[in-house]
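Coordinate analysis (summary)
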Amino acid sequence: MRYHNITKDDMLNGDGLRVVLWVAGCEHCCEGCQNPMTWDPDGGLLFDETAKAELWNQLKKPYIEGITFSGGDPFHRANREEIRLLATEIKKTFPDKTIWLYTGDVWENIVNHPLLNYIDVLVDGEFIQDKRDVTLLWKGSSNQRVIDVQATLAQDNKQIPILYCNDYDDIPMGRETVGTHMSNKTSVHADVAYLPKKNACDA
């Protein structure tokens, strides 16, 4: 697996302050993508023990909520197995940290992949230029979904994603709740209309 960057104290790619691993390799090649340099799976740097140690040093910090895998696409065939192994080790070593993952694929296509057993929140779907909305939290276009993975996998029909924290579609950027843990969230089915509630996600 190869990667382009490790971002520290990131507030834009998931709940709370996070460390972000930007992997190389993406076959979606979305028009308007802000990271086209990450499309080539042979680009960037080899993910080695030094890079892993950099992630671990960040995850050890008590104020870091967790890690986000982005890119590129962590579900690219060049990445998915190493990401699965990495996520497995992170869950074992840092059980209180959350794992977020961004992919251009859609939930319905990857629902049975074993990597999802270690992911807390998945942002799915290609970036669509015509649906771009800079006010959306944690995603770039309105077709994308912020999915509570473990809640979805726990239900009988795993094909219907449960959205994380009422999806945030109507909440503008800048209202992130740094330090909001998964235990404080509210989830709803993706096919159920959102009715605003006062909870930890309504900062």
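See the structure printed just above.
Here we look at the pattern of salt bridges
Throughout the structure, instances matching the rule amount to 6 salt bridges. Of the charged contacts in the structure, one is a salt bridge between arginine 84 and glutamate 81, with a shortest N-O distance of 2.6 Å. Taken together, the residues arginine 84 and glutamate 81, both in helix H2 (residues 80–93) and 3 residues apart, mark about one turn of the helix. On the accessibility criterion, glutamate 81 (41% relative accessible area) is partly exposed. In this structure, aspartate 124 and arginine 145 form a salt bridge, with 2.6 Å as the shortest nitrogen-oxygen distance. Here aspartate 124 is found in strand S6 (residues 121–124), whereas its partner arginine 145 is found in strand S7 (residues 145–148), with 21 residues between them in sequence. Residue classification places aspartate 124 among the buried residues on the basis of a relative accessible area of 0%. A single network of salt bridges, built from pairs that share partners, joins Glu108, Asp124 and Arg145.

Thoughts on the packing of aromatic side chains
All told, the structure shown has 5 aromatic pairs when counted by the stated rule. With centroids separated by 5.8 Å and ring planes inclined at 80°, the aromatic side chains of tyrosine 3 and phenylalanine 47 adopt a geometry described as edge-to-face. One end of the pair, tyrosine 3, is in strand S1 (residues 2–10); the other, phenylalanine 47, is in the loop between strand S3 (45–46) and helix H1 (49–59), and 44 residues separate them in sequence. Ring centres 5.9 Å apart and planes at 40° place the aromatic pair tryptophan 138 and tyrosine 164 in the tilted group.

Quick look at the side chain of aspartate 120
Position of aspartate 120 among the secondary structure elements: in the loop between helix H3 (107–110) and S6. A polar contact of 2.8 Å, which involves the side chain of aspartate 120, links it to the backbone nitrogen of isoleucine 99.

Remarks on the side chain of glutamine 58
Summarising the element assignment, glutamine 58 is placed in helix H1. Residues contacting glutamine 58, with those up to four places away along its chain left out, are Lys8, Asp9, Val19 and Ile64.

What to know about the environment of leucine 122
Relative to the assigned elements, leucine 122 resides in strand S6. Considered as a pair, leucine 122 and valine 106 are 16 residues apart in the sequence and their alpha carbons are 9.6 Å apart. Leaving out residues up to four positions away in the same chain, leucine 122 has contacts with Phe75, Leu101, Thr103, Trp107, Ile110, Leu116, Arg145, Val146, Ile147 and Val149.

Overview of H1
Among the residues of H1, Ala51, Lys52, Leu55, Trp56, Gln58 and Leu59 are the ones counted as buried. Each buried residue of H1 sits inside an arc of 160° when the element is viewed along its axis, so together they form one side. The exposed residues of H1 that point more than 90 degrees off its buried face are Glu49 and Thr50. Backbone nitrogen of threonine 50 and a side-chain oxygen of the N-cap are separated by 3.2 Å at the start of H1; the cap is aspartate 48.

Regarding the nonpolar core
Core analysis: the biggest nonpolar cluster contains 34 residues, and Leu21, Leu55, Phe69, Ile90, Leu116 and Leu122 have the highest contact counts within it. For this core, the elements supplying multiple residues, two or more each, are S1, strand S2 (18–23), H1, strand S4 (66–70), H2, strand S5 (98–102), H3 and helix H4 (149–153). In contact with leucine 116, not counting residues within four places along its chain, are Phe75, Trp107, Ile110, Val111, Leu122, Val149, Gln150 and Leu153. Membership of the second largest hydrophobic core comes to 9 residues, among which are Trp100, Val123, Trp138 and Tyr164.

Overview of the packing of H1 against H2
Direction vectors running N to C along H1 and H2 enclose 30°, while the axes themselves pass 12 Å from each other. In terms of orientation, H1 and H2 fall into the roughly parallel class. As H1 packs across H2, the resulting crossing turns out to be right-handed. On H2, the residues that touch Lys52, Leu55, Trp56 and Leu59 of H1 are Leu86, Glu89, Ile90 and Thr93. Looking at the contact of H1 with H2 residue by residue, the class counts come to 5 nonpolar, 1 polar and 2 charged.

Scoring rules and cut-offs
- Residues numbered from 1 in each chain as written.
- Predicted model: local features only at pLDDT ≥ 70, side-chain atom pairs only at ≥ 80, totals over all residues.
- Heavy atoms only, no water.
- Salt bridge = Lys/Arg side-chain N within 4 Å of Asp/Glu carboxyl O.
- Helix = DSSP H or I, 4+ residues; strand = E, 2+ residues; numbered from the N terminus.
- Buried < 20%, exposed > 50% of the residue type's maximum accessible area, 1.4 Å probe, protein only.
- Phe/Tyr/Trp six-rings, centres within 6.5 Å; stacked < 30°, edge-to-face > 60°.
- Polar contact = N/O pair within 3.5 Å; in protein donor to acceptor, adjacent residues only side chain to side chain.
- Contact = heavy atoms within 4.5 Å.
- Arc of directions from axis to C-beta.
- Core = buried A, V, L, I, M, F, W, Y, C linked by side-chain atoms within 4.5 Å.
- Axes fitted to C-alpha atoms, helices over the stretch in contact; angles between N-to-C directions.
- Parallel < 35°, antiparallel > 145°, perpendicular 65-115°, else oblique.
- Left-handed = near helix turned anticlockwise from the far one by under 90°.
- Nonpolar A, V, L, I, M, F, W, Y, C, P; charged D, E, K, R; others polar.

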